[in-house]
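Understanding the architecture of this molecule
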Amino acid sequence: MTRRHALSITVLFEVFIFSLMIVSLTDSDREASYKENRTLAQRPKLTVKSLLDGSFAKEFEEYFQDQFPFRDFFMDTSFKFTTLMARKGEDDVSLVEGGEGADYDENTNIFNPPSGFEPIEPTPSPEPTVEPTMTPGSPQATPGEQTPTTTPAPTKTPVPTPAPTTDISYEYNQKFLRIGDRILEVYWYSKQRAESYFNVLKRVADELPNAKIYALLTPSSVELYTPEKYKGYGHSSKEAIDYLFSNMDKRINQVNVYDKMMSKKNEYIYFRTDHHWTQRGAYYAYEEFCKAANIKARKMNEYKKDTVPNFLGSYFKYIPDDRFRRNPDYLELFYPLANNEGRAYYDISMNLKNSFAVKAVRTPNEMKDYPAKYMVFMNGDNPLTHFKTGVDNNKRIVVFKDSYGNSLVPFLLSHYEDVYVIDIRAEKYLSGVLEFIKQKGINEVLFVNYVNCPTQSDAFVSLDKML
Amino acid sequence: MKIIGWIFTSFVVLMGWVIFYYTDTASLTYMFKVLFGFSDRPVNDLFINLTINEYFYLLMAASVGCMPIARVVKRGLNNMYNSGRVKMEFAFIATCIFVLLVLFTSSAMLVAKSYNPFLYFRF
């Protein structure tokens, strides 16, 4: 090799690397990837705290990944290359590693309504004084003094509870099975994690002795749609659900929707590219809840329905196969039957300044330009959402939910005058929740979760801190 | 004696990567248990096959790449460089295309999060 040749190869390398660097430094950040159907991470703020607790490095990593120049093109190339490297097996099945821990929050934009997805109504002009009736449940909060822009320091709850997070047997890695034109997330569960779920249920039952408490647990799609042959991998959701129900506090009313879901599996009750159930799935769960709560469920054909087309969900980004682009999911919408007004709040005192109007179910037109389409229900995940309905029956319920609850809540509006929805991961925003429930005269409590939530995540450790 | 050196180095390097990858000791010990067969984890042939299928040709390429193939290729290229201008230019262009392709695919796979460019941030 001559010197000229060696130099040319070096130059090629440098040009590649530095042109990417220059584009990366000069291009503007995107808010969402329409190809991946999700919002992208934005530049994190550098503070001493975020630098020291490691969150800056983690967020910057996500930001860099998400805003890499020509990201969509590179993602596509990478997927095509991996497909090329795979040898076809006898079935139309592939197994894909997703990375560490669940990474779905962006799909419902947890607690972070991005620009471009403004609330339908403008937020009301800030109230100069805080209404005295809406003080937080904690005695430390001083009404009147509170400035709306700064969130009150989270008040310490007197009960110290251990967080069983250090004793997991191994780090959970997401794995996805693509079977035909459906993506399934392989399920694993940790009994240690479930302890925080039991703790929360027991605490709520202890502190609200007069309330009716319901726990609804549902499997995810992997339980219903994995062919017999591939069942040996991962754990059975049924086993986990049975374990949770048989070990929870006996005062809890159990709503086991497992059999119902199994019997309806031929209907469109789970998305093929997303980790959620469809609203039709949520409807069947609602029917089971009504049985347990002894109320008469509204018939499915009473609802006015609508369709949001072209939905590629959270699983799609791990397996961006063209077959899903050709044949995407869609959302079937059931509009609530009762008149209602919804509002999302970012603190327990229901401060109007940090709130915005929320529709239980948006129209397809309102979702047209937005990729994370599951946000059609209740504007995605917000810490506290309140629905005041036209039902005049003096019944009030609080729903503790993960994002599965978002599509179920619209059905509950027919049966309660007030529906309060609390996201179980909102520890940064809410505290003194039990006191809040007592003050509002709420005497029914419903936990809506898919089985992954109490058995894989720290969500109930978070809820425990909020109580 | 050389072979003992190879085995020892490979072993240390492989174990080093495990330590490097995991940030918590629980996962680390679990991984070592799995590696040396002291775990409750079922060895499921179906899924091992599935995983191997998923990366089949990449694994083959990697296996070939582990052998002292670079030396053979280099010798071949040098012969071409020394046997006439046309062959020399051909060898040069082939090298460029190969280098660019590898660089490009690796970048694409880094972007797609198959690998983590920020591995060192974990410390």
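Since we're looking at a predicted model, the values are computed, not measured.

Cut-offs used in this document
Residues numbered from 1 in each chain as written. Chains lettered and ligands numbered in written order. Predicted model: local features only at pLDDT ≥ 70, side-chain atom pairs only at ≥ 80, totals over all residues. Heavy atoms only, no water. Contact = heavy atoms within 4.5 Å. Buried area = accessible area lost by both parts, 1.4 Å probe. Salt bridge = Lys/Arg side-chain N within 4 Å of Asp/Glu carboxyl O. Polar contact = N/O pair within 3.5 Å; in protein donor to acceptor, adjacent residues only side chain to side chain. Helix = DSSP H or I, 4+ residues; strand = E, 2+ residues; numbered from the N terminus. Nonpolar A, V, L, I, M, F, W, Y, C, P; charged D, E, K, R; others polar. Buried < 20%, exposed > 50% of the residue type's maximum accessible area, 1.4 Å probe, protein only. Pairing = 2+ DSSP bridges. Axes fitted to C-alpha atoms, helices over the stretch in contact; angles between N-to-C directions. 1 Å grid on protein atoms, 1.4 Å probe; cavity = no way out; pocket = protein on both sides within 12 Å on 5 of 7 lines; lining within 4 Å. Points joined across faces, edges and corners; volume = space filled by probe spheres on them.

1. Some remarks on the interface of chain B and chain A
The interface of chain B with chain A comprises 46 residues on the first partner and 41 residues on the second. Of the roughly 4,200 Å² buried at the junction of chain B and chain A (both faces included), carbon and sulfur atoms supply 69%. Three residues, F47(B), E54(B) and V111(B), lead the burial of chain B against chain A; their summed loss comes to 16% of the area buried on that side. Linking chain B to chain A there are one salt bridge. A salt bridge links R4(A) to E89(B); the nearest nitrogen and oxygen atoms lie 3.3 Å apart. Here chain B is connected to chain A by five residue pairs in polar contact (both at pLDDT 80 or more). Of all the secondary-structure elements, those providing two or more residues to the side of chain B that touches chain A are α2 (25-35), α3 (45-54), α4 (56-66), α5 (69-81) and α6 (85-111) of chain B. In terms of residue count, the dominant contributor to the side of chain B that touches chain A is α6(B) (16 residues). Here the side of chain B that touches chain A is built from residues that sort into 28 nonpolar, 11 polar and seven charged.

2. So, unusual backbone geometry
All names here are of chain A. The backbone of M350 shows a phi angle near 55°, a positive value even though the residue is not glycine. Its location among the elements puts M350 in the loop between β10 (340-345) and β11 (355-358). Even without a glycine there, the phi angle at N394 is positive, about 60°. Its location among the elements puts N394 in the loop between β12 (384-389) and β13 (396-401). Residue N394 is classed as exposed on the basis of its relative accessible area, which comes to 55%.

3. Comments concerning the sheet that holds strand β14 (residues 418-423) of chain A
Residue and element names in this part refer to chain A. The strand order across the open sheet formed by eight strands is β7-β6-β15-β13-β14-β12-β10-β11, and the pairing between neighbours is mixed. At either margin of the open sheet sits one strand with a lone partner, and together these are β7 (253-256) and β11. In this sheet, neighbouring strand axes are inclined to one another by 20° on average, regardless of whether the strands run parallel or antiparallel. Sheet topology note: the strand β6 (residues 212-218)/strand β15 (residues 444-450) ladder contains seven bridges and is parallel. The partner of A215 across the bridge, within β15, is F447. Packing of helix α16 (residues 459-466) onto the sheet brings it into contact with β13, β14 and β15, and relative to β15 it is tilted by some 155°.

4. A look at the layout of surface pockets
One number sums up the size of the second largest pocket: a volume of about 570 Å³. The wall of the second largest pocket is formed by 21 residues, among which L20(A), S24(A), F64(A), F68(A) and P69(A) lie closest to the centre. If you list the elements that add at least two residues to the lining of the second largest pocket, you get α1 (3-26) and α3 (55-66) of chain A together with α6 of chain B. If one sorts the elements of the lining of the second largest pocket by residue count, α1(A) sits on top with six residues. Counted by class, the lining of the second largest pocket contains 14 nonpolar, four polar and three charged residues.

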